[in-house]
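# Working through the structure, step by step
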Amino acid sequence: MVHNKLQKIWYGGDYNPEQWDEATWDEDIRMFKLAGIDVATINVFSWAIVQRGEDTYDFTFLDEMMEKLYKNGVYVCLATGTGAHPAWMAKTYTDILRTDFDGRKRKFGGRHNSCPNSPTYRKYASRMAEKLANRYQNHPALVLWHVSNEYGGYCYCDNCTTAFRQWLKRKYDSLQAVNKAWNTNFWGHTFYDWDEIVLPNGLSEEWGSGRNTNFQGISLDYRRFQSDSLLTCYKLERDAIRKHDQQIPITTNLMGLYEELDYFSWAKEMDVISWDNYPSIDTPESLTAMTHDLMRGLKSGQPFLLMEQTPSQQNWQPYNSLKRPGVMRLWSYQAVAHGADSVLFFQLRRSVGATEKFHGAVIEHVGHEHTRVFKETSKLGNELMKLDNRIIGSRVTAKVAIVFDWENRWGVHLSSGPSVALDYVTEVHKYYEVFYDNNIPIDLIGTDENLENYDVVIAPVLYMIKEGYATKVGEFVEHGGTFITTFFSGIVNENDLVTLGGYPGQLRNLLGIWVEEIDALPPNQKNQIVMKKSWGKLEGSYTCNLLFDLLHTEGAEVLASYGSDFYRGMPVVTKNHYGNGEAFYIASSPDKEFLSGFLKNICAEKAITPLVKTKPGVEVTKREMGETAYLFVLNHQNHPAYFDLGEIQAVDLLSGSTFTGECSIDAKDVLVLQQSTKVN
């Protein structure tokens, strides 16, 4: 969809020519050509340059840059520039400024400093988007609209107070319904007038650590409201563009696992998902891979755009290490392997001053092409040309899915118990990592996703059961699917009210168990998972920690029991036959050895096999289009490694070499293997 004008993997990134003179522009373009750069994102932070006053707009700079780039073979991702409002606007209209969590009114400065419910911000942002669309709708350089930049951050101002009350009226119809949803009889917090509702921040309901909020219902709804408020800002700009341009796709750059916005809701309003990938030096490759898969899953497997990554160095981490030789190329291909149809950087030329002057760039401060970073980016850019249009539009297919839900994540985080050590993303990643290590494709999906294409669905820490979801999962299992969930699941409904009658609430019949109590111990205190009998890869005893459900079976088979403490002998792993399928419950957080054996057993029973046999540290993924399959082999290690293709015969699109049987791959190297018929 996004490649109509440029039929290849896009290569380039954020370009800020407004920071430089015309002679530098010409030198940049010369170097872009050397590097194979064919897409530049411009106007990301140019609002103050384009609109210098109330009704003073000057597009001269953008006109010149659009023409110059296009004439030199560089297409444009045109941003609306609304990620940071101008100083004159903040001076004239103070309602545009945010109020922070502690109730302090912000001054001008920084970015993401605009209140999403400010009438001033919404008016001028949508007006800017419309003016840009009217002017550039038919420009041959334009390939993508980029609304604002990295939406995020909450506001607690008077505008938001009024808007939140209106949002609540639309959602609940009556104040009585609000009181019921939030259980306001607790502590006598009952509301009798809409104006009595105040925002949950450091001055009111969230005065504690943020983890121990006094009323989760209001805090949960405020997160929904703020996500919706920022999404409304995006939609206003998108709709303003659509008045003039019905063809060019529209996106905004997401931030992966960013907690504050419900990206599944956002995805419904975006033509294509794009996101910014900035792992730190100690981020596991599997967590980056999981985030790529999550971004792909936002729109049911549709390819996404890697909108930003650094060519080498970041500037906001505690320790801003360089990407080691080969790593930029390796991580770029990892994104493509998981569904990206672009490799874009922030930034193309390193800024001379201000906040991000030490953030890496294709063109470093020295200003010429004789740098390690430029040589690596140039090599990658020219290498991507060899792939031409063969990869774009192809998809990853999987028979296993992990459920990831932002509202559930908020609910877990806001909970005043049972353990401060419980982290939703960490528990999801534990399950994902097993499939990653074994080169088994996996999708990350939301609760709205259709389950019929999967054999196995895993929902770690499914604390919140939204309306209708228990029925959906039950039907999936009844028709032969395998469902796996864990401790602290089925506890509450979408209003964060406990489902009475025994945990796991609405999942109780499906799982054939009920949970009486939940023990929470410091993470260093362990219990044991003792197998009742050997099962495939599992036998003997394993460790578990964090939370410990004390459960009773109601028809489920006990696969393992606790090994110690007063609940020694009580079930810790169960399996329940339900219709034609099975539902498993894991009542504690197990060690990796148990989880690996458990999930390998599940896969063996479902005939789900690794794409390719490899040693640890070698990642293999597959993208398919029609009868053609592309295997990506990535060696994340600092030494050569081996992998076994068996009878598969494939050609590496990067080197032209043919591979079959047992093969080797160099340290930090990548192979893109094409097979003419599908790989089974």
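Before reading on, note that the structure itself is shown above.
This report concerns the structure included in the present document.

Thresholds applied
Residues numbered from 1 in each chain as written. Predicted model: local features only at pLDDT ≥ 70, side-chain atom pairs only at ≥ 80, totals over all residues. Heavy atoms only, no water. Phe/Tyr/Trp six-rings, centres within 6.5 Å; stacked < 30°, edge-to-face > 60°. Helix = DSSP H or I, 4+ residues; strand = E, 2+ residues; numbered from the N terminus. Buried < 20%, exposed > 50% of the residue type's maximum accessible area, 1.4 Å probe, protein only. Lys NZ or Arg CZ within 6 Å of the ring centre and 35° of its normal. Pairing = 2+ DSSP bridges. Expected span 1.5 Å × (residues − 1). Core = buried A, V, L, I, M, F, W, Y, C linked by side-chain atoms within 4.5 Å. Contact = heavy atoms within 4.5 Å. 1 Å grid on protein atoms, 1.4 Å probe; cavity = no way out; pocket = protein on both sides within 12 Å on 5 of 7 lines; lining within 4 Å. Points joined across faces, edges and corners; volume = space filled by probe spheres on them. Nonpolar A, V, L, I, M, F, W, Y, C, P; charged D, E, K, R; others polar.

Tallied over the full model, the rule gives 37 aromatic pairs. Between Phe264 and Trp406, the aromatic rings sit 5.8 Å apart at their centres with planes inclined by 65°, giving edge-to-face as the arrangement. Of this pair, Phe264 sits in helix 9 (residues 263-267) while Trp406 sits in helix 13 (residues 406-414); the two residues are 142 residues apart in sequence, bridging distant segments of the chain. Accessibility expressed as a relative area gives 14% for Phe264, which makes it buried. Classification of Trp406 as buried rests on a relative accessible area of 0%. Following the ring pairs from residue to residue traces out a cluster consisting of Phe101, Tyr156, Phe164, Trp167, Trp182, Phe191, Tyr222 and Phe225. It is Arg349 that lies over the ring of Trp20; its NZ or CZ is 5.2 Å from the centre.

What follows concerns the pairing of strand 26 (residues 641-652). Regular strands have side chains that alternate between both faces of the sheet. Where strand 23 (residues 613-614) meets strand 26, two bridges bridge the pair, whose relative direction is antiparallel. Following the sheet pairing, Lys613 is matched in strand 26 by Asp644. Across seven bridges, the pairing between strand 26 and strand 27 (residues 658-665) is antiparallel. Looking across to strand 27, one finds that Phe643 is bridged to Cys663.

Right, let's talk about helix 14 (residues 424-437) for a bit. For helix 14, with 14 residues, the first-to-last C-alpha span of 20 Å sits near the 20 Å given by 1.5 Å per residue. Here helix 14 lies mainly inside the structure; 10 of its 14 residues are buried. Positive phi appears at Asn439, one or two residues downstream of helix 14, with a value of about 55°.

One finds Ile42, Trp145, Phe164, Trp182, Ile197 and Phe598 to be the most contacted residues of the largest nonpolar core, which totals 197 residues. In terms of residue count, the dominant contributor to this core is helix 8 (residues 216-242) (10 residues). Apart from residues lying up to four places away in sequence, Ile197 is in contact with Thr161, Phe164, Arg165, Leu168, Leu175, Val178, Trp182, Phe191 and Ile218. Of all hydrophobic cores here, the second largest spans 16 residues; its members include Val618, Ala641, Leu671 and Leu673.

This part takes up the side chain of Thr377. With respect to the helices, strands and loops of the structure, Thr377 is situated in helix 12 (residues 372-386). Exposure remark for Thr377: the relative accessible area of 0% places this residue in the buried category. Residues in contact with Thr377, not counting those within four places in the same chain, are Tyr11, Ala35, Pro311, Met328, Phe345 and Val362.

With that settled, consider empty space enclosed by the protein. For the structure shown, the criterion picks out three cavities of 30 Å³ or more. If you add up the space inside the largest cavity, you get close to 130 Å³. Lining the largest cavity are 17 residues, and of these His338, Ile440, Pro441, Val620 and Thr621 lie nearest its centre. Where the lining of the largest cavity is concerned, the elements lending two or more residues are helix 10 (285-297), helix 14 and strand 24 (618-625). Here the lining of the largest cavity takes four residues from strand 24, the largest share from any one element. Of the residues that constitute the lining of the largest cavity, the class distribution is 10 nonpolar, three polar and four charged. There is about 90 Å³ of room inside the second largest cavity. In terms of lining, the second largest cavity is formed by Thr82, Gly83, Arg98, His112, Ser114, Pro116, Tyr121, Ser148, Tyr151, Gly152 and Leu230. Residue composition of the lining of the second largest cavity, grouped by class: four nonpolar, six polar and one charged.

By themselves these figures say nothing about function.
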